[in-house]
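Each chain, letter by letter, is given below.
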Amino acid sequence: MPILIEPARCPGSLGEQDQPRLDVDDDLALRPWRPDDASQVRAAFESPEIQRWHVRRMDSDAEAREWIARWPVRWAEEIAASWAIVDTATDRAVGQVGMRDISLFDASADLSYWVLPEARGRGVAPRATLALTRWAFHTLRLHRLGLRHSTRNEASCRVAGKAGFAFEGTMRESVRHADGWHDMHVHARVRD
């Protein structure tokens, strides 16, 4: 059955290039995950707040290395991407920002983020989200970026607002967390 429109972005627009390092500002950068980040990833998923919203934990550095090892595959398949948010002085991971549900055909993706407890309260998530948004719109040439979070996750809602993602509505009981079904806020930005 023929498709009546051309893809907004050609296959290969993402996967045929190396995942870049992106500068956020003088203090932060985004870089691809490395196996030696495993202890930071494990620490993140030991955080009750991160477990609450991301519904996973990691019990060993080996599990964290497996999580890290999947990202280059997802990049090559052009379905998802994740960057370590790093402190530029130490190159140590303090959080994560990424794109999920990438559709080059529709030139769209959903963003996700988390920040280690010791790095919270410094604007890390909104600054990293803005840097990834700039790259996604200006370099990758995506048209739309979405962002969804539980209506109970007020911190994530603040990040969305600070990063310029307009509130679009609520998806009722659309994601299941450990404590049951959650309504999800939907935010988005478009390139124009």
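Here the structure is a predicted model, which means the values were calculated and not measured. (Residues numbered from 1 in each chain as written. Predicted model: local features only at pLDDT ≥ 70, side-chain atom pairs only at ≥ 80, totals over all residues. Heavy atoms only, no water.)

## Let's talk about the nonpolar core
Rules: Each nonpolar core is a collection of buried residues, namely Ala, Val, Leu, Ile, Met, Phe, Trp, Tyr and Cys, held together in the definition by side-chain atoms within 4.5 Å. For every residue, the accessible area obtained with a 1.4 Å probe (protein chains only) is divided by the maximum for its type, and the residue is called buried under 20%, exposed over 50%, and partly exposed between those limits. Note on conventions: DSSP H or I runs of at least 4 residues are helices, E runs of at least 2 residues are strands, and numbering of each starts at the N terminus. Residue contacts are counted whenever heavy atoms from the two residues lie within 4.5 Å of one another.
Counting 36 residues, the largest nonpolar core has Leu 30, Trp 83, Met 99, Leu 132, Trp 135 and Leu 142 as its most contacted members. At the level of secondary structure, the elements contributing two or more residues to this core comprise strand 2 (28-32), strand 3 (81-87), strand 4 (92-103), strand 5 (108-115), helix 4 (124-138), strand 6 (144-150) and helix 5 (154-162). Here the element with the most residues in this core is helix 4; it accounts for 8 residues. Leu 142 has contacts with Arg 9, Met 99, Leu 104, Ala 107, Ser 108, Ala 109, Ala 136, Phe 137 and Arg 191, leaving out every residue within four places of it along the chain. Residues Met 58, Trp 71, Ala 84 and Val 86 belong to the second largest nonpolar core, which totals 18 residues.

## Some details on the packing of aromatic side chains
Note the cut-off: Pairing of aromatic rings covers Phe, Tyr and the six-membered ring of Trp, with a centre-to-centre limit of 6.5 Å; geometry is then stacked below 30 degrees between planes, edge-to-face above 60, and tilted otherwise.
Going through the model one piece at a time under the given rule, you end up with 9 aromatic pairs. Residues Phe 45 and Trp 67 carry aromatic rings whose centres are separated by 5.8 Å and whose planes lie at 65° to one another, so their mutual orientation is edge-to-face. A residue pair is termed long-range when its members are at least 10 positions apart, and Phe 45 in helix 1 (residues 38-46) and Trp 67 in helix 3 (residues 61-77) qualify at 22 residues. Judged on exposure class, the residue Phe 45 and its partner Trp 67 are both buried. With a centroid separation of 5.5 Å and 75° between ring planes, the pair formed by Phe 45 and Trp 114 is classed as edge-to-face. Here Phe 45, found in helix 1, pairs with Trp 114, found in strand 5; they are 69 residues apart in sequence, far enough to count as distant.

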